[in-house]
Amino acid sequence: MTTWSFFLEHHAEIFDTTLEHLTLVIIAMAFAILIGVPLGMFVVQRPALRTLALGIASILQTVPSLALFGFLIPIPFIGGIGRRTAIVALVLYAILPILRNTYVGLTGIDPSVLEAAEAMGMTDAQILWRVRLPLALAVILAGIRTATVITIGVATIAAVIGAGGLGTFIFRGVAMVSDAVILAGAIPAALLAILADLLLGLLERKLKVS
Amino acid sequence: MNAKPMALPNSVIEFRGVTYRVPPANGHALVSDISFAVHAGETLVLLGRSGSGKTTILKLTNRLLLPSAGHVLVSDRSTSDWDPIRLRRGIGYVIQEAGLFPHFTVAENVGLVPALENWDSGRIARRVEELLRLVGLDPGEFAARRPRELSGGQRQRVGVARALAADPPILLMDEPFGALDPVTRSELQREFSALARRLGKTIVFVTHDLREALLLASRIALLEAGRIVAVGTPQEFLHIDHPEVHAFTASLTTSLVTQPGAST
């Protein structure tokens, strides 16, 4: 069976699985952004917490993804077999680039701009929302972009704990020793990653203020 | 406002024995035992070399810093008693690199403080237009531009317009023309000197350029290593017998020789 004919024959299944994969990624990214960005904003003024948060996030990222999925299975509430566990692991992976870029973006602003903002009588909250955050947005988005590409890749491994997604094809193909089946998972996953990188890159360029 | 009997009736800013040390509390003193008063409508120029404490005095005035000892009074009230936000909204601040917000247009930069003060949008737009004209920029051409689309001189003009936006009685200016080329600088100095006389603001102006000080000052205060060593009107100042004054007057004659066009 050629790869091409497998693709033709199973296009509906491949499409559904791609959607399933994308859903997994979007849910995980939504949580990662909702945690990473506010956490980054919170630790900017708190050096001790910052070291701790960035440290924990860095350690989490060094754990091999397969091991992380394994570790989470026995943990009550967030663990077990299935999508929920996979999402938790993906969120843990995605947080670091988002957290780090939020922090870097918020602190990498021209000091004379911040001094002017303070001297003009803007409150801390106004400086954060009207000056720091808009100026950091492009950098934060770069973090989200990196995290999205990572998540699309790592999400293929989530299939081993029964989360579905394009990894299903890859692991099935490995078991069947079938290139066609492996590629049915690998090609859409790669395309998703490229597409996400491209679209978020465009958005990033649009938001950049020099 | 709780007027203290000691204060001069028309001193808008007053420093009484002010020392500022870098934290921790016993750290290096950036300014030591500084006392002076700035009267309504006058331009006090703080003259001194880099690191003499000029900028620290500005930052103590709008409470970006609080004194380690002594009192800074603005409108007869200690800055430590002022709500910092209210205090700063009444003080315009212009710095060397302008510090314009790169993500705002010129109009949004100038209109920021009025917007923070909840003016309605029509009033802000009129005020922005008025101010851009005042600093010599055509509103039609410049209002919608971003700071990166301006020259250094234009950025400083916008910086001045922004500082004047909510009509604050006090202006603090930290080497506002320091980063400009000599021609643009003397152009802006002359325009600003005329503008300052017309507006009647109380101005504290920081510079290391004696020529600029002589042009703009009602009085000059010379700083050396965090202390005021000489004070006088421009006429008096040139005749003060102090080594640091001599150092500056010597630099003046040099600069007149090297910039013949600027001697007017």
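Residues numbered from 1 in each chain as written. Chains lettered and ligands numbered in written order. Predicted model: local features only at pLDDT ≥ 70, side-chain atom pairs only at ≥ 80, totals over all residues.

**What to know about the overall build of chain B**
Part 1 of the reasoning: Helix and strand content of chain B: 11 helices and 10 strands.
Part 2 of the reasoning: In terms of overall dimensions, chain B has C-alpha extents of about 50 × 50 × 35 Å along its principal axes. (Helix = DSSP H or I, 4+ residues; strand = E, 2+ residues; numbered from the N terminus.)

**Details of the sheet that holds strand S6 (residues 91-95) of chain B**
Residue and element names in this part refer to chain B.
Part 1 of the reasoning: Taken in spatial order, the 6 strands make up an open sheet running S6-S7-S8-S3-S9-S10, and their pairing is mixed. The open sheet has two edge strands with one neighbour each: S6 and strand S10 (227-232). Sheet twist, expressed as the average angle between the axes of neighbouring strands with direction ignored, equals 15°.
Part 2 of the reasoning: Across 5 bridges, strand S9 (residues 219-224) lies against S10 in antiparallel orientation. Following the sheet pairing, Leu223 is matched in S10 by Ile228. (Pairing = 2+ DSSP bridges. Axes fitted to C-alpha atoms, helices over the stretch in contact; angles between N-to-C directions.)

**Here's the deal with the pairing of strand S7 (residues 170-174) of chain B**
Residue and element names in this part refer to chain B.
Part 1 of the reasoning: Of all 5 residues making up S7, 5 are buried, and the element is well covered by its neighbours.
Part 2 of the reasoning: Side-chain alternation along S7 places Ile170, Leu172 and Asp174 on one buried face and Leu171 and Met173 on a second face that is also buried.
Part 3 of the reasoning: The sheet contact formed by S6 and S7 spans 5 bridges and is parallel. Along S7, the bridge assignment pairs Gly92 with Leu171.
Part 4 of the reasoning: As defined by bridge partners, S7 adjoins strand S8 (residues 202-207) across 5 bridges and the pair is classed as parallel. Across the sheet, the residue bridging to Asp174 is Val206, located in S8. (Buried ≥ 20, exposed ≤ 12 C-beta atoms within 10 Å, placed from the backbone.)

**What about the nonpolar core?**
Taken as a class, soluble globular proteins show a tendency for nonpolar side chains to be buried jointly.
Part 1 of the reasoning: Within the largest apolar cluster, 126 residues are counted, with the highest numbers of intra-cluster contacts made by Leu90(A), Ala94(A), Ala158(A) and Leu47(B).
Part 2 of the reasoning: At 14 residues, the largest contribution of residues to this core is made by helix H5 (residues 83-107) of chain A.
Part 3 of the reasoning: Those residues in contact with Leu47(B) that lie beyond four places of it in its chain are Thr207(B), His208(B), Leu210(B), Ala213(B), Ile220(B), Ala221(B), Leu222(B), Leu223(B) and Phe248(B). (Core = buried A, V, L, I, M, F, W, Y, C linked by C-beta atoms within 7 Å. Contact = placed C-beta atoms within 7 Å.)

**Quick word on the packing of helix H2 (residues 11-43) of chain A against helix H7 (residues 124-154) of chain A**
Residue and element names in this part refer to chain A.
Part 1 of the reasoning: Contact geometry of H2 with H7 gives a least axis separation of 10 Å together with a crossing angle of 145°. H2 and H7 meet at a crossing whose hand is right-handed. Contact residues: H2 offers Val25, Ala28, Met29, Ala32, Ile33, Val37 and Met41, while H7 offers Leu128, Ile140, Ile144, Ala147, Thr148, Thr151 and Ile152.
Part 2 of the reasoning: Of the residues assigned to the contact of H2 with H7, the class counts are 12 nonpolar, 2 polar and no charged. (Left-handed = near helix turned anticlockwise from the far one by under 90°. Nonpolar A, V, L, I, M, F, W, Y, C, P; charged D, E, K, R; others polar.)

**Observations regarding the interface of chain B and chain A**
Part 1 of the reasoning: The interface of chain B with chain A comprises 16 residues on the first partner and 16 residues on the second.
Part 2 of the reasoning: For the side of chain B that touches chain A, the elements supplying multiple residues, two or more each, are helix H2 (84-89), S6 and helix H4 (112-116) of chain B.
Part 3 of the reasoning: Of the residues belonging to the side of chain B that touches chain A, the class tally is 9 nonpolar, 3 polar and 4 charged.

**Some points on the confidence of the model for chain A**
Part 1 of the reasoning: Of all residues in chain A, 99% attain a pLDDT of 70 or more, and the chain-wide mean is 90.
Part 2 of the reasoning: Within chain A, the lowest mean pLDDT, 84, falls on helix H4 (residues 65-72) of chain A, and the highest, 94, falls on H2(A). (pLDDT = per-residue confidence, 0-100.)

**Overview of the pairing of S6(B)**
Here is the key point about a regular strand: its side chains alternate between the two faces of the sheet.
Part 1 of the reasoning: Burial of S6(B) is extensive: 5 of the 5 residues sit out of reach of the surface.
Part 2 of the reasoning: Across the two faces of S6(B) the burial is the same, with Ile91(B), Tyr93(B) and Ile95(B) and Gly92(B) and Val94(B) all buried.

**Observations regarding helix H8 (residues 167-176) of chain A**
An α-helix turns once every 3.6 residues. As a result, residues three or four positions apart point the same way.
Part 1 of the reasoning: Along H8(A), the positions that sit buried rather than exposed are Gly167(A), Thr168(A), Phe169(A) and Ile170(A).
Part 2 of the reasoning: Once H8(A) ends, the next one or two residues include Val177(A), with phi positive near 50°.

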